[in-house]
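# Understanding the architecture of this molecule
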Amino acid sequence: MILWQFGLFYACQLIFPIFYNFNPSLSCQDPNFHFSKPKCKLSKVEICSELTANCSKWLIEPAPFRSMVQDFKMYCGSAAYDSAWVATIQFIGALVGAVIYGHLGDYFGRKPVSFIGISIGIVFGVAAGFAPNWKLFAIALFICGTSVACVMVVFYAYILEFIEPQQRVFMRSFFNWGYARLVFTLACFLCENWRATAIVISLLAVPVLPMLLILPESPKWYATKKRFREMKSAEKRVAWLSGLPYDADLKILEESEKSESLEKDTKIYTIRDLFSSWPIAYSTIVIGSLWFSTSVSSFGADLNSGNLAGNFYLSQFVSAAAIALSKISIFLLDTYLPSFNRQKLHQIPQIIMICCYSAIMVLMISPDQDCSSQGSRNLAIIIINIIGASFIELTWDACYLVAAEIFPTRIRTIGIGTCSLLARTGALLAPQMAYLSDIYRPIPYAIVCSIGIISLLVSCFFLPDTKGVDLAALDNGGNLNSAPNSEEDEIRIEVAENFA
């Protein structure tokens with residue numbers, strides 16, 4: 001679980017655009033220059049337009065973090081749009097990496113692919129800190145994006161296969177994205193510039209590498225490949241590291257014999273199998289749309305948070321802490337409130353998120369003649385944004401749980417992988433949404449609310465409740481409460497779950 005947290009430290013590169021695209025406030029030192037109206041009423045594009053047309057001596061006001069925008073003079077015009085493209089290229093890397101590393105991890109094993117992917121990410125992350133221009137920086141971040149996907153897909157599977165199923169909710173609750181964001185924000189606060197931060201955050205993943213050399217390959221992955229000799233050796237290594245006795249005859253060999261007795265499924269499943277029947281196609285469309293919408297909302301709100309007024313670091317620290325605490329609530333609700341099903345887990349946070357971002361739009365649009373109330377208004381916007389971001393994170397948990405519980409075993413990995421690709425595709429829109437706030441501040445929140453309402457309607461009318469579903473029933477194609485056909489079915493289901 002600690003190794004997973006270190007992996008998340010590196011994965012937080014996905015929110016690095018909040019910092020390296022930070023745009024400082026601009027003004028003019030010409031004594032006779034005046035904006036056409038109060039500055040708080042102007043968008044960034046309007047400010048740039050007036051400065052470009054009427055100001056001869058620009059003033060770059062002090063910023064809490066020295067960003068790529070400052071070093072490469074990407075304040076206005078096409079250069080400002082290029083800065084948004086850097087983030088888009090990074091997300092494209094994550095999309096490509098999800099496909100490439102996912103297949104490599106299946107074929108060559110979790111451990112070697114995780115080691116190579118994280119090593120490549122560390123090297124290019126450090127190199128990004130020395131990039132002489134934004135284009136080379138974008139190329140380095142593209143490679144880092146692929147490594148982030150390696151962490152989120154292959155390394156995550158490696159970690160899950162070493163812990164008990166009942167420990168997974170605990171891990172998501174107490175070793176999570178919120179704590180990683182806290183450390184990432186602290187690194188930015190201490191480093192104070194994008195170059196040093198890129199290097200430090202990449203080096204935070206270094207402790208994972210020696211541990212991967214000590215730990216064996218996942219025994220469960222060996223089992224899926226029917227390489228029982230290597231599986232036995234890996235289990236021995238785990239027992240030795242744990243200081244526990246190892247009884248191969250009673251444990252591993254018995255499981256191996258049972259696994260060998262299964263009929264091998266030689267069919268190669270693809271995305272086409274997700275549409276082989278209406279029930280499966282229905283599930284794919286519903287769950288895939290929820291993943292897409294959650295990704296757009298989550299990353300769109302995150303990347304736009306750097307454009308909000310107020311204390312930059314304080315809002316980022318509080319947002320990260322709120323997300324970490326919200327994850328703990330999932331563990332408590334799942335453990336002590338059985339009636340809190342998957343539908344409620346998605347719909348209640350979605351409703352609160354829509355209300356929060358609708359309130360932000362009202363605050364941004366409501367008139368203020370002389371900007372006298374701008375300070376209190378900005379504070380309210382920041383607080384409401386933090387609340388909304390925290391509840392978006394809860395909808396992510398609903399998406400992951402439903403996807404794992406709704407697809408039959410034979411196509412569960414294909415189903416979850418397809419949902420992940422849709423989420424990565426949605427994330428590509430996030431940097432462009434942050435750029436649109438330069439034109440008109442409420443636009444990102446209008447998009448998030450619109451997509452959130454559609455997602456809520458899909459959830460209310462089409463999302464099934466999968467909490468406590470009998471996974472064996474999905475393979476039988478019958479009643480969700482029916483039993484597996486045999487003990488062999490149970491073994492096959494367990495192997496596929498661990499593989500997923």
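Reference entry: report on the structure contained in this document. Within any chain, residue numbers begin from 1 and follow the written order of that chain's sequence. In view of the model being predicted, local features appear only for residues whose pLDDT reaches at least 70, and side-chain atom pairs are presented and counted only at 80 or more, with totals across whole chains, interfaces and linings using the full set of residues. As a rule here, side-chain values cover all heavy atoms of the structure and leave hydrogens and water aside.

All right, on to the state of the cysteines then. By disulfide we mean two sulfur atoms from cysteines, separated by a distance within 2.5 Å. According to the stated counting rule, one finds 2 disulfides in the structure shown. Put simply, Cys28 and Cys55 are joined by a disulfide, and their sulfur atoms are 2.1 Å apart. Taking the sign of the torsion about the S-S bond as the criterion, the disulfide between Cys28 and Cys55, at about 95°, is right-handed. Placement of the pair is Cys28 in strand β1 (residues 26–28) and Cys55 in the loop between α3 (44–54) and β2 (58–60), with a sequence separation of 27 residues. Note on Cys28: relative accessible area 15%, which makes it buried. Working definition: with a 1.4 Å probe on protein chains only, accessible area under 20% of the residue-type maximum means buried, over 50% means exposed, and in between means partly exposed. A relative accessible area of 10% places Cys55 in the buried class. The partner cysteine of Cys48 in its disulfide is Cys76, sulfur to sulfur 1.9 Å. Because the sign of the S-S torsion sets the handedness, a value of about -70° for the bond joining Cys48 and Cys76 places this disulfide among the left-handed ones. On the criterion of sequence distance, the pair formed by Cys48 in helix α3 and Cys76 in the loop between α4 (68–71) and α5 (77–108) is long-range, its members being 28 residues apart. With respect to class, Cys48 is no different from Cys76; both count as buried. Working definition: helices are DSSP H or I runs of at least four residues, strands are E runs of at least two. Numbering for both runs from the N terminus.

So, about a nonpolar patch on the surface. Residues qualify for a patch when their relative accessible area is over 30% and they have no salt bridge, like charges being joined within 9 Å and the nonpolar side chains of Val, Leu, Ile, Met, Phe, Trp and Tyr within 5 Å. Reported accessibility uses the Shrake-Rupley method at a 1.4 Å probe radius. Residues are deemed covered only where the shown protein chains occlude them. When a carboxyl oxygen of Asp or Glu is within 4 Å of a side-chain nitrogen of Lys or Arg, the pair counts as a salt bridge. A contiguous nonpolar patch, built from Val99, Ile100, Leu104, Tyr107 and Phe108 and spanning about 500 Å² of accessible area, is present on the exposed surface. By secondary structure assignment, the location of Ile100 is in helix α5. The class for Ile100 is partly exposed, based on a relative accessible area of 44%.

What follows deals with the side chain of Glu50. Of note, Glu50 is situated in helix α3. The charge count includes Lys and Arg as positive and Asp and Glu as negative, but it does not include His or the ends of the chains. One buried charge, Glu50, has no salt-bridge partner; the nearest side chain with opposite charge is Lys37, at 7.1 Å. For this analysis, residues touch if any pair of their heavy atoms sits within 4.5 Å. Contacts of Glu50, omitting those with residues within four sequence positions, involve Phe33, Phe35, Ser36, Leu42 and Cys55.

In this section: the side chain of Ser455. With respect to the element layout, Ser455 can be found in helix α21 (residues 443–462). For Ser455, a relative accessible area of 3% gives the class buried.

Here the focus is the nonpolar core. Put simply, a nonpolar core is a bunch of buried Ala, Val, Leu, Ile, Met, Phe, Trp, Tyr and Cys residues held in one set by side-chain atoms that sit within 4.5 Å of each other. By size, the foremost hydrophobic cluster in this structure holds 74 residues, and its most contacted members are Phe19, Tyr20, Phe137 and Phe155. Counting residues per element, this core draws most heavily on helix α7 (residues 134–160), at 12 residues. Apart from residues lying up to four places away in sequence, Phe19 is in contact with Phe65, Ser67, Phe184, Thr185, Cys188, Phe312, Tyr313 and Gln316. One finds Cys356, Tyr357, Met364 and Ile392 within the second-largest nonpolar core, a separate group that totals 19 residues.

Moving on, we come to the packing of aromatic side chains. When the centres of two rings from Phe, Tyr and Trp lie within 6.5 Å, Trp using its six-membered ring, the rings pair. Their planes under 30 degrees apart give stacked, over 60 give edge-to-face, and anything left gives tilted. For the structure shown, the criterion picks out 25 aromatic pairs. Taking the centre distance of 4.7 Å and the plane angle of 35° together, the rings of Phe170 and Phe174 count as tilted. Placement of both Phe170 and Phe174 in helix α8 (residues 168–174) is noted, with a separation of 4 residues, approximately one turn of the helix. Taking relative accessible area as the criterion, Phe170 reaches 34% and is therefore assigned partly exposed.

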